[in-house]
Amino acid sequence: MEITGLALVGYGLAAIGPGIGLGILFGKTIEGMARQPEMAGQLRSTMFVGLAFIEILALLAIATPFFL
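Small disclaimer: the values here were computed from a predicted structure and weren't measured.

Asker: What is the right way to look at the overall build of the protein chain in this model?
Answerer: Looking only at helices and strands, the protein chain has 2 helices and 0 strands in total. Burial statistics for the protein chain: of 68 residues in total, 18% are counted as buried. Here the protein chain has roughly 5,100 Å² of accessible surface; of this, 75% comes from carbon and sulfur atoms.

Asker: What should I look at first to understand the pattern of salt bridges in this one?
Answerer: Once the charged atoms of two side chains with opposite charge are near each other, the side chains can pair. Counted under the stated rule, the structure contains 2 salt bridges. Taking the shortest distance from any N to any O, the salt bridge between Lys 28 and Glu 31 comes out at 3.8 Å. Here the residue Lys 28 and the residue Glu 31 both occupy positions in helix H1 (residues 5-35), the gap between them amounting to 3 residues, near one helical turn. Among the residues examined, Lys 28 registers a relative accessible area of 54% and is labelled exposed. Arg 35 is the partner of Glu 31 in a salt bridge, and the nearest nitrogen-oxygen pair spans 3.4 Å. On the criterion of helical spacing, the pair formed by Glu 31 and Arg 35 is a turn pair, its members being 4 residues apart in helix H1. Residue Glu 31 is classed as partly exposed on the basis of its relative accessible area of 35%. Owing to a relative accessible area of 66%, Arg 35 belongs among the exposed residues under this scheme. Through salt bridges with shared partners, a single ionic network connects Lys 28, Glu 31 and Arg 35.

Asker: How do you make sense of the environment of Gly 10 when you look at a structure like this?
Answerer: Residue placement: Gly 10 occurs in helix H1. Along the chain, Gly 10 and Thr 64 lie 54 residues apart, while their C-alpha atoms are 9.4 Å from each other.

Asker: Would you take a moment to explain the environment of Thr 64 for this structure?
Answerer: Along the chain, Thr 64 turns up in helix H2 (residues 40-67). Expressed as a C-alpha distance, the spacing of Thr 64 and Tyr 11, which sit 53 residues apart in the sequence, is 9.5 Å.

Asker: Just checking my understanding: could you explain the side chain of Thr 29 for this structure?
Answerer: On the secondary structure map, Thr 29 appears in helix H1. Here the side chain of Thr 29 touches Leu 25 through a polar contact of 2.8 Å, landing on its backbone oxygen. Contacts of Thr 29, omitting those with residues within four sequence positions, involve Leu 43 and Met 47.

Analysis parameters
- Residues numbered from 1 in each chain as written.
- Predicted model: local features only at pLDDT ≥ 70, side-chain atom pairs only at ≥ 80, totals over all residues.
- Heavy atoms only, no water.
- Helix = DSSP H or I, 4+ residues; strand = E, 2+ residues; numbered from the N terminus.
- Buried < 20%, exposed > 50% of the residue type's maximum accessible area, 1.4 Å probe, protein only.
- Areas by Shrake-Rupley, 256 points an atom, 1.4 Å probe, with all protein chains shown as cover.
- Salt bridge = Lys/Arg side-chain N within 4 Å of Asp/Glu carboxyl O.
- Polar contact = N/O pair within 3.5 Å; in protein donor to acceptor, adjacent residues only side chain to side chain.
- Contact = heavy atoms within 4.5 Å.

This is a description of form; function is not addressed.
Dropping the structure here:
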């Protein structure tokens with residue numbers, strides 16, 4: 001199967017959104033840990049749940065053009 005230019009553009013655009021989302025997620029988690037160190041464990045576990053959702057959306061966005 002030949003990868004067209006449109007698929008390559010779609011792949012690039014699909015990588016931008018989750019990249020921005022991960023940056024915001026990790027930044028806010030670190031900020032929260034700095035403000036309330038006693039909540040670090042709970043913030044970390046919540047961050048990993050958010051990380052999983054962002055990565056699943058990224059994988060779906062990247063794989064979808066190849067199936068359609």
